[in-house]
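Descriptive analysis of the structure
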Amino acid sequence: MPSLTQRVLARVPERVRPLLVRHRSLVKFLLVGSGCFALTLLINYALRLTVLAHKPVAALTVATVAGTAVSYLLNRRWAFRSSWRRREPVLFLLVSAIAIGVNVLPLIVSRYLFDLREPWVSPVTQEVADFLSGMVLGTFAAMMFRFWAMRRWVFTRVEQPVPTVGGAGPDGWP
């Protein structure tokens, strides 16, 4: 029985498949990141619409911390297939703390340096500016930093995949 990854790769055009396989850790990282982005978005707006209505930076920070915790588990076990080292969680927390700062910095600049908040702008403009600066720009900058830092310092010892039928690893990647 082919794995989910093998079934998905079978549907990808033949000419694109080698590129995806060559950059499999990046593809997996982006898939994990997409799921964690959705989780962060959901938590951020749940908090902003309830208990942290007037604290958008705090809401985004809490949401990003929750998404980061989930991403650690998924990145470690699937995207980077890292063998555990004693210092790995500490390095991950350090990189993630810096990445959280990178993530909320555009929102802070938008809100408090450019004053894109009520009463200086309309509520719609404020929400669009918050979304674009915090969720889009901040997440993109933090994602680029995290991928570089995770490969460089955190997940450096990669487990060797166990070959299966057809030379593919246990997750379907060669």
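The structure under discussion appears in the preceding block.
Here the structure is a predicted model, which is why all the values come from computation and not from measurement.

1. Some words on the packing of aromatic side chains
Under the definition given, this model contains four aromatic pairs. Taking the centre distance of 6.2 Å and the plane angle of 50° together, the rings of F145 and W148 count as tilted. Taken as a pair, F145 and W148 lie in helix α6 (residues 123-154) at a separation of three residues, close to a single helical turn. The exposure class of W148 is partly exposed, given its relative accessible area of 45%. An aromatic cluster of at least three residues, connected via ring pairs, comprises F145, W148 and W153.

2. What to know about unusual backbone geometry
For the bond running from E118 to P119, omega is 5°, close enough to zero to count as cis. Looking at the element boundaries, P119 is found in the loop between α5 (88-113) and α6. For D115, which is not glycine, the phi dihedral falls at a positive 55°. Among the secondary structure elements, D115 is positioned in the loop between α5 and α6.

3. Points about the nonpolar core
In terms of nonpolar packing, the biggest core is built from 17 residues, with F80, F92, V95, F145, M150, V154 and F155 touching the most fellow members. The set of elements that each furnish at least two residues to this core consists of α3 (24-48), α4 (56-79), α5 and α6. In terms of residue count, the dominant contributor to this core is α6 (six residues). Counting residues in hydrophobic clusters, the runner-up holds five residues, among them V57, L60, V104 and M135.

4. Describing the pattern of salt bridges
Any two side chains of opposite charge can pair, so long as their charged atoms come close to each other. In the structure shown here, the tally under the stated rule is five salt bridges. Of the charged contacts, one joins R48 and D130 as a salt bridge, the two residues approaching to 2.9 Å between their closest N and O atoms. Within this pair, whereas R48 is found in helix α3, its partner D130 is found in helix α6, the two being separated by 82 residues in sequence. As far as the burial class goes, R48 and D130 line up, both buried. Between R117 and D115 there is a salt bridge; the shortest N-O distance is 3.1 Å. For R117, a relative accessible area of 23% corresponds to the partly exposed category.

The rules behind these values
- Residues numbered from 1 in each chain as written.
- Predicted model: local features only at pLDDT ≥ 70, side-chain atom pairs only at ≥ 80, totals over all residues.
- Heavy atoms only, no water.
- Phe/Tyr/Trp six-rings, centres within 6.5 Å; stacked < 30°, edge-to-face > 60°.
- Helix = DSSP H or I, 4+ residues; strand = E, 2+ residues; numbered from the N terminus.
- Buried < 20%, exposed > 50% of the residue type's maximum accessible area, 1.4 Å probe, protein only.
- Core = buried A, V, L, I, M, F, W, Y, C linked by side-chain atoms within 4.5 Å.
- Salt bridge = Lys/Arg side-chain N within 4 Å of Asp/Glu carboxyl O.

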